[in-house]
Amino acid sequence: MGECEVVLGIDACPGGWVAVELRDGLFAGASIATGLRSLLQGPATGPGGVVAVDMPLGLLDTGWRRADADAAALLGRMRGSVFRVPPRAVWQEEQYEAANRRCRDLTGAGLSRQSWGLAAKLREANDRLGDTGGDRLFEVHPEVSFWALNGRTPLPHRKKSWSGQMTRRSLLAAAGIVLPDDLGDAGRAQPDDVLDAAAAAWSAHRIAQGRAGCLPDPPQRDERGRPIAIWY
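Summary of the structure given here. (Residues numbered from 1 in each chain as written. Predicted model: local features only at pLDDT ≥ 70, side-chain atom pairs only at ≥ 80, totals over all residues. Heavy atoms only, no water.)

Description of the side chain of Glu124
And step 1. Mapped onto the secondary structure, Glu124 falls in helix α6 (residues 119–127).
And step 2. For the buried Glu124, no salt bridge exists, and the shortest N-O distance to an oppositely charged side chain is 5.0 Å, to Arg128.
And step 3. Once residues lying within four places of it in the same chain are set aside, the contact partners of Glu124 are Trp17, Gly35, Leu36 and Arg37. (Helix = DSSP H or I, 4+ residues; strand = E, 2+ residues; numbered from the N terminus. Buried < 20%, exposed > 50% of the residue type's maximum accessible area, 1.4 Å probe, protein only. Lys, Arg positive; Asp, Glu negative; His and termini not counted. Salt bridge = Lys/Arg side-chain N within 4 Å of Asp/Glu carboxyl O. Contact = heavy atoms within 4.5 Å.)

Structure, rendered in structure tokens:
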């Protein structure tokens, strides 16, 4: 028998990160941690493993990323779940006011406080790209993953609603990812964050099998030639 394929889907959550692990495409466990590094110590970061993270990975020196515009364009009424990611220098600022000014200087548009709220975790995730195994980190967006799971159709209900969560859980189950009622410590995470991590894991499984798509296709490249894309 061949080796078991292990992948991980990770989503940011209040106080840290929540992860869903799949083995050969099936649910194998969930975990929660305050830091991203501790979640990246398992077999999913070994040879052949894939980790998909719901966080922008890859920043430009100038201009906006094409991945975010492409994702927003296909999500219809869910396009508000995608935010435009400004250049690297904006995220190097320490305070929102300075970051907002830098964003206006570089792009002609301001930075929302909601986007700035991701600054610490965005930096944390991008720092991991320099670690050993960083080439196995891929950016995903859960609503794009659910769009693909739903026959390339945006979902009609938002993820915090009852209908939205039941629809997402059913789509995952139909794809073989059956989330148990008891997730142990990971059950402390919000339901929508767990669902997002599971959708990220579904995309990680597709990446590992060479079946994933990406936005844009082919990926945009940063100034060092590294790919910038949202995978699904």
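Things to note about the packing of aromatic side chains
And step 1. A complete count under the given rule lists 3 aromatic pairs for this structure.
And step 2. An angle of 10° between the planes, with centres 6.1 Å apart, marks the rings of Trp91 and Trp116 as stacked. Residue Trp91 is located in helix α3 (residues 88–91), and its partner Trp116 is located in helix α5 (residues 113–116); the two are separated by 25 residues in the primary sequence.
And step 3. For Trp91, a relative accessible area of 2% gives the class buried.
And step 4. Between Phe138 and Trp231 the ring centres are 5.7 Å apart and the planes differ by 85°, which places this aromatic pair in the edge-to-face class. With Phe138 in strand β5 (residues 137–139) and Trp231 in strand β7 (residues 227–231), the pair connects residues that are 93 residues apart, well separated along the chain.
And step 5. Above the face of the Trp64 ring, Arg84 is positioned so that its terminal group lies 3.9 Å from the ring centre.
And step 6. Sitting over the face of the ring of Phe146, Arg168 holds its NZ or CZ atom 5.5 Å from the ring centroid. (Phe/Tyr/Trp six-rings, centres within 6.5 Å; stacked < 30°, edge-to-face > 60°. Lys NZ or Arg CZ within 6 Å of the ring centre and 35° of its normal.)

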